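Structure at a glance
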Amino acid sequence: MFQADVNDVPQLSFTGALPQDARIDQLVAEAHARYAGHDDGVVADYIPILAEADPAWFGLSVVDVDGGAHAVGDVGVAFSIQSISKAFVFALAADGIGHDTIRETVGVNNTGLAFNSVVAVELNDGSPMNPMVNAGAIATTALVPGAHADERWQRIRDGLSRFAGRPLALDGEVYRSESFTNHRNHALARLLQSYDRLAIAPDEAVDIYTRQCSLAVTAQDLATMGATLADGGVNPLTGERVVSAQTARDTLALLASCGMYERSGEWLFEIGLPAKSGVSGGIVAIAPGKGAIGTFSPRLDEAGNSVRGQRACAFLSRALGLNLFASAPRGNRAPGAGTDPTAVKESS
C-alpha cells in the first residue's frame, strides 16, 4: 500500500474565486436554456417507481462557499438521492472511523467494472475496493457507528440532512420499490460476509443502504451538500461543521477517481471536477474552495448518468473556471487581473 509519510506536513490550500453573483446567475440560466431541449437518453425503469419520472424535468443549481445560491428550472422537484448518497455516507463513516481505517477496510481504488459487479469482489479477495460501487457502499454503510440498525440509520439520515442544511425525508414509495428489486445487493452483501468484509448482518446492511438511497432531495440540496465538501466540511448556508476538512478532502479525492464509475476517467478528462451521479437523474459536481453544481434531469445515457446534467456540468465547469486542471501561462492573465489565479485567458 502506498505510504505518503506526510503526517507532519500541514495541508494547505490555495483556491481562486468564482465570478460575481450576477455573472453566475447568467451562466446558470444560459446552461439551462442551452440543454433543456435535449431529449437524448431514457428514464431508468429497473427500479419500477423511477420509470414514473417526467422526462422533461430539468433543474440546475450552483451553491458557492460564501452561501450564494443560483438556481433555475425544476430545482424544487424532489427525487430519490440514489447512489449520490454513497459519497456523503462515505464522508460520515470516514469521519467516524478515520482515514487509514476506511482505506484499509473498504479501499479507495476504481474497480474498472460495473457498479454492481460481483466479479470485482471475487477478483480482489473479497475487498470491495471502492466505496462508490454497490459492494463498497454497503460495506461503508455497515461501518457507520451505531449500536443497532435504527441508530445507524438515524445517524445517516441526520448526517445527510446536515449536509443539505435541512431535514431530509425518506421516500417510502421508492424504498418499498427498491426493497422488492434489490436481490443483487443482498447477494453482494452475503458475498462480502463470506470474506469477513462486512461489519454487520447482510440483511441489515442492505436495508439501511436501501433507505439511504431512498432519501428525497432536490437539485438545490445536492448543490448545498456538494458545497459543504467544497468548503472543507462546513455547510455554507448553516455555518455548521458537518465533517472534518480532512474527510472532505478524502471524499473529493475518491469522487475524482471513482465517482462516475468506469466513466470516471472520461469525466475527469472532459470536465475536471469530482462528481457523483444517481440513477434517478441527479448529479453533484464539486469545485474545492469554490462551490458545487447540483443537477436533476431523469433522462440517462447508457452508463446511467443524466444527459442534460452532464452537459450542464461541462458547460459550467468551463464557463465558471471550475476545472481543477485548467491553467494558463502567467503572461496570458486578463488585463487588470493582478495576482488572482482565476482571472486568466485560456486558449481553446
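Here the structure is a predicted model, which means the values were calculated and not measured. (Residues numbered from 1 in each chain as written. Predicted model: local features only at pLDDT ≥ 70, side-chain atom pairs only at ≥ 80, totals over all residues. Heavy atoms only, no water.)

**A word on unusual backbone geometry**
Backbone geometry places Q82, a non-glycine residue, at a positive phi of 55 degrees. Note on placement: Q82 falls in the loop between β4 (79-80) and α2 (85-97). For D196, which is not glycine, the phi torsion reads 60 degrees and is therefore positive. Within the secondary structure layout, D196 lies in the loop between α8 (183-194) and α9 (202-213). Judged by relative accessible area, which is 68%, D196 ranks as exposed. (Helix = DSSP H or I, 4+ residues; strand = E, 2+ residues; numbered from the N terminus. Buried < 20%, exposed > 50% of the residue type's maximum accessible area, 1.4 Å probe, protein only.)

**Describing the side chain of N323**
With respect to the helices, strands and loops of the structure, N323 is situated in the segment after α13 (307-319). Looking at N323, its side chain comes within polar contact range of the main-chain nitrogen of F325, at 2.8 Å. Aside from chain neighbours lying at most four places away, what touches N323 is E270, I271, G272, L273 and S317. (Polar contact = N/O pair within 3.5 Å; in protein donor to acceptor, adjacent residues only side chain to side chain. Contact = heavy atoms within 4.5 Å.)

**So, the side chain of S83**
Tracing the backbone through its elements, the reader meets S83 in the loop between β4 and α2. Of the residues examined, S83 reaches a relative accessible area of 12% and is grouped as buried. Apart from residues no more than four positions distant in its own chain, S83 is found in contact with Y209, Y261, K276, S277 and G278.

**Comments concerning the sheet that holds strand β6 (residues 275-277)**
Here we have five strands laid out as an open sheet, ordered β3-β2-β8-β7-β6, and antiparallel in their pairing. The open sheet is flanked by β3 (69-73) and β6, the only strands paired with a single partner. Here the strands of the sheet are splayed against their neighbours by 10 degrees on average, with no regard to which way each runs. In this sheet, strand β8 (residues 291-296) lies alongside strand β7 (residues 282-287) in antiparallel orientation, the contact comprising six bridges. Its bridge partner being in β8, V284 is matched across the sheet by G294. (Pairing = 2+ DSSP bridges. Axes fitted to C-alpha atoms, helices over the stretch in contact; angles between N-to-C directions.)

**A word on the pattern of salt bridges**
The final tally for this structure, using the stated rule, is 10 salt bridges. Two residues, D207 and R211, come together in a salt bridge whose shortest N-O distance is 3.1 Å. Taken together, the residues D207 and R211, both in helix α9 and four residues apart, mark about one turn of the helix. By relative accessible area, which is 27% here, D207 ends up partly exposed. A salt bridge links E302 to R263; the nearest nitrogen and oxygen atoms lie 3.4 Å apart. (Salt bridge = Lys/Arg side-chain N within 4 Å of Asp/Glu carboxyl O.)

**Side note on the nonpolar core**
Formed by 61 residues in total, the largest nonpolar core has its most connected members in L160 and F163. Considering every element that reaches this core, the biggest residue donor is α2, with eight residues. Residues contacting L160, with those up to four places away along its chain left out, are I81, S85, F88, V89, L92, L168, L215 and M225. Core analysis: the next-biggest nonpolar cluster, separate from the first, contains 24 residues, A31, V62, L273 and A285 among them. (Core = buried A, V, L, I, M, F, W, Y, C linked by side-chain atoms within 4.5 Å.)

**What about the packing of α2 against α9?**
Their axes nearest at 9 Å, the elements α2 and α9 cross at an angle of 120 degrees. In terms of their interaxial angle, α2 and α9 are classed as oblique. Once α2 is placed against α9, the crossing between them reads as right-handed. Contacts between α2 and α9 pair S85, K86 and V89 from the former with Y209, Q212 and C213 from the latter. Across the contact of α2 with α9, the residue classes tally to three nonpolar, two polar and one charged. (Parallel < 35°, antiparallel > 145°, perpendicular 65-115°, else oblique. Left-handed = near helix turned anticlockwise from the far one by under 90°. Nonpolar A, V, L, I, M, F, W, Y, C, P; charged D, E, K, R; others polar.)

**Here we look at the packing of helix α1 (residues 21-35) against α13**
At a minimum axis separation of 9 Å, α1 and α13 run at an interaxial angle of 145 degrees. Where α1 crosses over α13, the handedness of that crossing is right-handed. Residues L27, V28, E30, A31, R34 and Y35 of α1 touch α13, and the partners they reach there are R308, R311, A312, F315, L316 and A319. By residue class, the composition of the contact of α1 with α13 is eight nonpolar, no polar and four charged.

**Structural notes on the packing of aromatic side chains**
This model, assessed by the stated rule, comprises four aromatic pairs. Taking the centre distance of 6.5 Å and the plane angle of 75 degrees together, the rings of Y35 and F315 count as edge-to-face. Of this pair, Y35 sits in helix α1 while F315 sits in helix α13, and the two are 280 residues apart along the sequence. The exposure class assigned to Y35 is buried, which follows from its relative accessible area of 10%. Residue classification places F315 among the buried positions, given a relative accessible area of 13%. Over the face of the ring belonging to W153 we find R211, whose NZ or CZ atom lies 6.0 Å from the ring centre. (Phe/Tyr/Trp six-rings, centres within 6.5 Å; stacked < 30°, edge-to-face > 60°. Lys NZ or Arg CZ within 6 Å of the ring centre and 35° of its normal.)

**Some remarks on the pairing of β7**
Two faces, one strand: in a regular strand the side chains alternate between the faces of the sheet. For β7, the tally of buried residues reaches six of six residues, placing the bulk of the element in the interior. With three bridges connecting them, β6 and β7 associate as antiparallel partners. Counted as the bridge partner of K276 is V284 from β7. Turn length for the β7-β8 hairpin, with the two strands adjacent in sequence and antiparallel, is three residues, and the turn residue G289 shows positive phi of about 80 degrees.

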